[in-house]
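# Coordinate inspection notes
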Amino acid sequence: MEPGSSGQGVAEAAEHSYQIHNLETVTEEEDTFKEWPLLVEDSTKSQLSWPLTRLLQQLDRQVQPQRELTTFDVLFTIAYCVGLEAGYVPVGHKLTSNQPLSRYASFDRRILTIFSKIIPSNFYNRESRSYRLDITLNSDDQQRCSLVGIKSGDFLCLTFTILNRTDLPGRSMFLPVSRFVPLLNFQKLPLSCQNLLELSHKLKNGLFTPVRDDLCQDADAALYPSLYGLPDEVLALLVRTYLGRKDRARLGATCGRLRELVKMYRPEGR
């Protein structure tokens with residue numbers, strides 16, 4: 001599917017019935033991964049997060065019989081995994097639960113459990129050398145978004161846009177592939193990836209969270225909580241209670257307001 005053919009993608013998705021997933025049935029499966037890292041940013045050189053591991057294994061099974069996998073494939077799959085962490089789900093799937101679902105919940109690990117086994121087919125177009133996945137917030141068709149990746153030399157250009165909306169801007173970024181996926185080793189997956197903490201923060205801060213905030217604001221829903229939005233007194237209490245010297249220094253280095261607040265409310269003897 002061409003990146004520009006958003007109307008075609010919507011029409012194709014509408015023709016198919018939704019696959020229903022009950023969130024209450026995944027608890028037992030989650031228990032088998034208690035000792036594994038949960039988020040991409042928590043991955044180490046010895047062990048990737050279990051959702052990313054399962055996605056890459058599924059990618060290998062799904063794509064390898066048709067063509068050779070590349071580092072671009074892996075990097076785009078990592079971006080998809082971070083999108084799941086941010087609360088998005090693939091178009092064509094619906095979630096149900098015995099408990100009321102928070103339509104704009106920022107994170108639900110059960111989503112990772114379900115969709116770390118699913119990579120939508122035909123996400124890569126050989127002719128245009130591009131990737132595309134349509135995802136949405138909690139199965140909401142009115143908030144359908146498109147994650148597109150285009151190969152450009154040694155870079156992967158990612159764009160994340162809200163389909164059929166010209167009033168809400170999308171986001172784009174260039175990722176140097178070799179910085180995050182220097183090689184392919186499906187026998188030892190952690191060796192294929194590096195700097196995942198940096199990559200996860202780039203994707204969340206540069207793509208998924210801004211678009212998600214625009215969608216929530218458009219629907220008059222609550223946005224992500226923010227330290228910067230807290231009153232000085234509340235923020236100072238959190239700093240004094242939970243942060244050590246090094247963490248306070250890092251927090252103070254982020255902006256002028258937090259630097260002055262850290263100096264003003266520095267705990268005695270710490």
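Before reading on, note that the structure itself is shown above.
In this report, the structure presented in the accompanying data block is examined. Please read these numbers as outputs of a predicted model, since none were measured by experiment.

## So, the packing of helix H9 (residues 245–252) against helix H10 (residues 256–264)
Relative placement of two packed helices is described by the angle separating their axes and the distance separating the axes. Two elements in contact, H9 and H10, have axes whose closest approach is 7 Å; the angle formed by their N-to-C orientations is 145°. Residues Arg-248, Leu-251 and Gly-252 of H9 form the contact with H10, whose participating residues are Leu-258, Arg-259 and Val-262.

## Some words on the environment of Ser-178
Mapped onto the elements, Ser-178 comes out in helix H6 (residues 177–180). For Ser-178 and Ser-192, which are 14 residues apart along the polypeptide, the C-alpha to C-alpha distance reads 9.9 Å.

## Looking at H9
When we look at burial in H9, the residues that qualify are Arg-248, Leu-251 and Gly-252. Projection of H9 onto a plane perpendicular to its axis shows the buried side chains occupying an angular sector of 95°, all on one side. Turned more than 90 degrees off the buried face of H9, the exposed positions are Lys-246, Ala-249 and Arg-250.

## Focus on the packing of helix H4 (residues 71–85) against helix H7 (residues 196–218)
Relative orientation of the contacting elements H4 and H7 amounts to 65°, with a least axis distance of 10 Å. As for the relative orientation of H4 and H7, their crossing is right-handed in sense. Contacts between H4 and H7 involve Leu-75, Ile-78, Ala-79, Val-82, Gly-83 and Glu-85 from the former and Leu-196, Leu-199, Ser-200, Leu-203, Lys-204 and Phe-208 from the latter. Of the residues assigned to the contact of H4 with H7, the class counts are eight nonpolar, two polar and two charged.

## What about the side chain of Arg-67?
Among the secondary structure elements, Arg-67 is positioned in the loop between helix H3 (50–63) and H4. Of note is the side chain of Arg-67, whose polar atom sits 2.9 Å from the side chain of Asp-73. When residues no more than four places from it in sequence are discounted, the contact partners of Arg-67 are Asp-73, Phe-123, Tyr-124 and Arg-126.

## A word on the pattern of salt bridges
Two side chains of opposite charge can pair, provided their charged atoms sit close to one another. Applying the stated rule across the entire model yields eight salt bridges. Arg-165 is the salt-bridge partner of Asp-167, the closest N and O atoms lying 2.8 Å from each other. Two residues, Arg-179 and Glu-198, come together in a salt bridge whose shortest N-O distance is 2.7 Å. Placement of Arg-179 in helix H6 and of Glu-198 in helix H7 is noted, with a sequence separation of 19 residues between them. Classification of Arg-179 as partly exposed rests on a relative accessible area of 39%. Through salt bridges with shared partners, a single network forms among Glu-41, Glu-85 and Lys-204.

Thresholds applied
Residues numbered from 1 in each chain as written. Predicted model: local features only at pLDDT ≥ 70, side-chain atom pairs only at ≥ 80, totals over all residues. Heavy atoms only, no water. Axes fitted to C-alpha atoms, helices over the stretch in contact; angles between N-to-C directions. Helix = DSSP H or I, 4+ residues; strand = E, 2+ residues; numbered from the N terminus. Contact = heavy atoms within 4.5 Å. Buried < 20%, exposed > 50% of the residue type's maximum accessible area, 1.4 Å probe, protein only. Arc of directions from axis to C-beta. Left-handed = near helix turned anticlockwise from the far one by under 90°. Nonpolar A, V, L, I, M, F, W, Y, C, P; charged D, E, K, R; others polar. Polar contact = N/O pair within 3.5 Å; in protein donor to acceptor, adjacent residues only side chain to side chain. Salt bridge = Lys/Arg side-chain N within 4 Å of Asp/Glu carboxyl O.

Take it as geometry only, folks, not as evidence of what the structure does.
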